[in-house]
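# Examining the three-dimensional arrangement
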Amino acid sequence: MNLYLRYFDQETLVSNVDEAIDFLADIDQIGMTAELEADIRDYVASDVFYPKRYKIRPRVYFIIIKTEAATMQDFKEKKALHVNPASEARERIVAPVIQRLNEVNPGWYEGEVNFKRVLLVPSTGKFQYRDTQFVAQLKAESGIDCYNRIVDHLRERVDERSQFPSAKGKNFKFRFLGKAK
């Protein structure tokens, strides 16, 4: 694990915390203290991979970034990015939702769309957005086909300024009812 440090135009890539502290101690404006040194050592020893920003004075900071990059050029070209296990798990969770949406399974579907519908307020003569729920049972090839058919149907019947959600979001739900006969 290497450390990238930057203070304005002064930057370095070091292989251990002692080299990092030496680099920072050579910069007069930072003013290395025992507390700052202890905090840097704690950050480097921790499992946290987010960049750490240290305030020198108002609107003046230096940063430390943990990296797997062996050289400064690798770091600049982002060749050694640390992969966060939590983001990997999130990608595995999201992928099945998208996969289920695109899964071809012809038959009857029930789709529910919650969208922002533009309606005229008769008393004021102005238009406003209203949350509207639309549920339909229809024949479709997949979840995305169900979504597209519902939205196409609604676009012909509501004001064109109405806003429809993404098929991948929480405002569209569908379920497979069964094979078409």
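All figures in this text were calculated on a predicted structure; none of them were measured in a lab.

Each value, and the rule that gives it
Residues numbered from 1 in each chain as written. Predicted model: local features only at pLDDT ≥ 70, side-chain atom pairs only at ≥ 80, totals over all residues. Heavy atoms only, no water. Pairing = 2+ DSSP bridges. Helix = DSSP H or I, 4+ residues; strand = E, 2+ residues; numbered from the N terminus. Axes fitted to C-alpha atoms, helices over the stretch in contact; angles between N-to-C directions. Buried < 20%, exposed > 50% of the residue type's maximum accessible area, 1.4 Å probe, protein only. Arc of directions from axis to C-beta. Contact = heavy atoms within 4.5 Å. Polar contact = N/O pair within 3.5 Å; in protein donor to acceptor, adjacent residues only side chain to side chain. Phe/Tyr/Trp six-rings, centres within 6.5 Å; stacked < 30°, edge-to-face > 60°.

### Description of the sheet that holds strand β7 (residues 172-178)
Read across the sheet, 3 strands follow the order β6-β5-β7 without closing on themselves; strand pairing throughout is antiparallel. The two strands at the open ends of the sheet, each matched to only one other strand, are β6 (126-140) and β7. Here the average twist between neighbouring strands, direction ignored, is 25°. Inspection of the sheet shows strand β5 (residues 107-121) paired to β6 by 15 bridges, in the antiparallel sense.

### Brief notes about helix α1 (residues 17-25)
Each α-helix turn comprises 3.6 residues. Residues three or four places apart therefore point the same way. For α1, the complete set of buried residues consists of Val-17, Ala-20, Ile-21, Phe-23 and Leu-24. The buried residues of α1 occupy an angular sector of 160° when the element is viewed end-on, so they sit on one face. Tucked inside the fold, the buried residues of α1 contact β1 (2-7), β2 (10-14), α2 (34-45) and β4 (60-67). One side-chain oxygen at the N-terminal end of α1 lies 3.1 Å from the backbone nitrogen of Asp-18; it belongs to Asn-16.

### A short note on the pairing of β5
Counting the residues between successive antiparallel strands, the hairpin from β5 to β6 contains 4 residues, one of them, Gly-125, with a positive phi of roughly 75°. Alignment of β5 against β7, held across 6 bridges, turns out to be antiparallel. Bridge assignment links Tyr-109 to a residue of β7, and that residue is Phe-176.

### Considering the packing of aromatic side chains
Two aromatic rings are characterised by how far apart their centres lie and by the angle between their planes. One pass over the full model with this rule turns up 8 aromatic pairs. Arranged with centres 4.2 Å apart and planes meeting at 20°, the rings of Tyr-4 and Phe-75 form a pair that is stacked. In this pair, Tyr-4 sits in strand β1 while Phe-75 sits in helix α3 (residues 72-76), placing the two residues 71 residues apart along the sequence. Neither Tyr-4 nor Phe-75 differs from the other in exposure class; each is buried. On the numbers, 5.2 Å between centres and 70° between planes, the contact of Tyr-109 with Phe-176 is edge-to-face.

### Concerning the sheet that holds strand β3 (residues 52-57)
One open sheet holds the 4 strands; their spatial order is β2-β1-β4-β3, and the pairing between them is antiparallel. Since the sheet does not close on itself, it has two edges, and those belong to β2 and β3, each with one partner. Neighbouring strand axes in the sheet, compared pairwise and without regard to direction, differ in orientation by 15° on average. Running over the sheet, α2 touches β1, β3 and β4 and is turned about 30° from β4.

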